[in-house]
Amino acid sequence: MNLDPVMACNLRCKMCYFTDQDYVKTLKGQFKEDEINQVAKTIFSRALKLQIGCGTEPTLYKDLVKIVELGKTYGVPYISMTTNANLLTEEKIENLLKAGLNEFTISLHGVTKASYESFMKKASYEKFQNVFNIFAKLKSVYKFKVRINYTFNKDNFYELKDFFQHFNGESFDMLQIRPIQKIGNTEYNDFDLDAIRGDYPELISGIRNACKLHNIILLAPNKIPKTSESNTASLIFDYTFCYVSPSSFWKKGFNWKAQSFNSYSKEIGWSKTLFLNVFKSEKELKSVSNRLNYEVELN
């Protein structure tokens, strides 16, 4: 399940819908203490993975440690947090790790300072780099993973070749590279990747070799997908994913404050829906999710 505990962000990244002022006005609210307790009671025990932070910035939520603690209390096997990292300090990172956080997933839109601060407006490259220095330090004390999610476009793609000149390979474990996608009325809106499509295999090959040298797992599509291409790997995604925020809980008709997950599932015949759809053939099952197929390099 993906959980956004607060509907806000401290940055205004050019490839993010937070640069759409009209849309940002619709994002309001954060969970109160009793509400987050109820969320945990309602759904956490069913989650194989709890992803804190989906479309907003979770470090703006004051009681983030409690969410991680609740996840562990209800037996969630794996807890990850997606963040831009600019509000993280050594104390905050250590408190999250002590609470049981398994992974930090860090959003990145530029390798160099100029590119990073241009695409991730209001961010500090120095603060960002300091967080990775802290990760490298704490990896000798705690067992946790760090994943970098790098979203590329035609203007920040080629600097990827210098990635390990700017980032310490001892500070992270996974590098995920994914092409820009249209997710709203964003400030940066050039989604045409044809100009770099031919150079993609060679550049990714270089990154793959560098990742092997640093024992880093690389997640990257084997080619830049065209918009007309379908992804068969995401066919069951819509039936296994649960999104929760102050304004949304799984399905629109679910009154989570007064109704249990099991009772609502029975009411809508969810078990039958899963059975009829998850086991359908590719021709029968259509997914509205825009998910990528990745080649995973295990070193």
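Reading guide: rules and limits
Residues numbered from 1 in each chain as written. Predicted model: local features only at pLDDT ≥ 70, side-chain atom pairs only at ≥ 80, totals over all residues. Heavy atoms only, no water. Salt bridge = Lys/Arg side-chain N within 4 Å of Asp/Glu carboxyl O. Helix = DSSP H or I, 4+ residues; strand = E, 2+ residues; numbered from the N terminus. Buried < 20%, exposed > 50% of the residue type's maximum accessible area, 1.4 Å probe, protein only. Lys, Arg positive; Asp, Glu negative; His and termini not counted. Polar contact = N/O pair within 3.5 Å; in protein donor to acceptor, adjacent residues only side chain to side chain. Contact = heavy atoms within 4.5 Å. Pairing = 2+ DSSP bridges. Axes fitted to C-alpha atoms, helices over the stretch in contact; angles between N-to-C directions. Parallel < 35°, antiparallel > 145°, perpendicular 65-115°, else oblique. Left-handed = near helix turned anticlockwise from the far one by under 90°. Nonpolar A, V, L, I, M, F, W, Y, C, P; charged D, E, K, R; others polar.

> Quick rundown of the pattern of salt bridges? Include the residues and the values.
Where side chains of opposite charge bring their charged atoms close, a pairing between them can arise. Scanning the model with the defined rule gives 12 salt bridges in all. Of the charged contacts in the structure, one is a salt bridge between lysine 139 and aspartate 173, with a shortest N-O distance of 2.6 Å. Of this pair, lysine 139 sits in the loop between helix H6 (125–138) and strand E7 (145–152) while aspartate 173 sits in the loop between helix H7 (163–166) and strand E8 (174–179), placing them 34 residues apart in sequence. Here lysine 139 falls in the partly exposed class, since its relative accessible area comes to 23%.

> Talk me through the side chain of glutamate 57; I want residue IDs and the actual numbers.
Relative to the elements of secondary structure, glutamate 57 occurs in the loop between strand E3 (49–52) and helix H3 (64–73). Although buried, glutamate 57 forms no salt bridge, and the nearest oppositely charged side chain, lysine 92, lies 9.2 Å from it. A distance of 2.7 Å separates the side chain of glutamate 57 from the side chain of threonine 83, its partner in a polar contact. For glutamate 57, the contacting residues outside a window of four places in its chain are Val6, Ala8, Cys9, Asn10, Thr83 and Asn84.

> Give me the pairing of E8: which residues, what numbers.
Burial within E8 is extensive, with 5 of its 6 residues counted as buried. Of the pairings in the sheet, the one linking E7 to E8 comprises 6 bridges and is parallel in character. Among the inter-strand pairings, tyrosine 150 is bridged to a residue of E8, identified as isoleucine 177. As paired strands, E8 and strand E9 (residues 217–220) are joined by 3 bridges and run parallel to one another. Within the sheet, the bridge partner assigned to glutamine 176 lies in E9 and is leucine 219.

> Account for the packing of H3 against helix H4 (residues 90–99), naming residues and giving values.
For any two helices packed against each other, one specifies the crossing angle of their axes together with the interaxial distance. Look at H3 against H4: their axes get within 8 Å of each other, and the N-to-C directions meet at 15°. Overall, the two elements H3 and H4 adopt an arrangement that is roughly parallel. Relative to H4, H3 is oriented so that their crossing is right-handed. Here Leu64, Val65, Val68, Glu69 and Lys72 of H3 come into contact with H4, specifically with Asn95, Leu96 and Ala99. Along the lines of polarity and charge, the residues of the contact of H3 with H4 split into 5 nonpolar, 1 polar and 2 charged.

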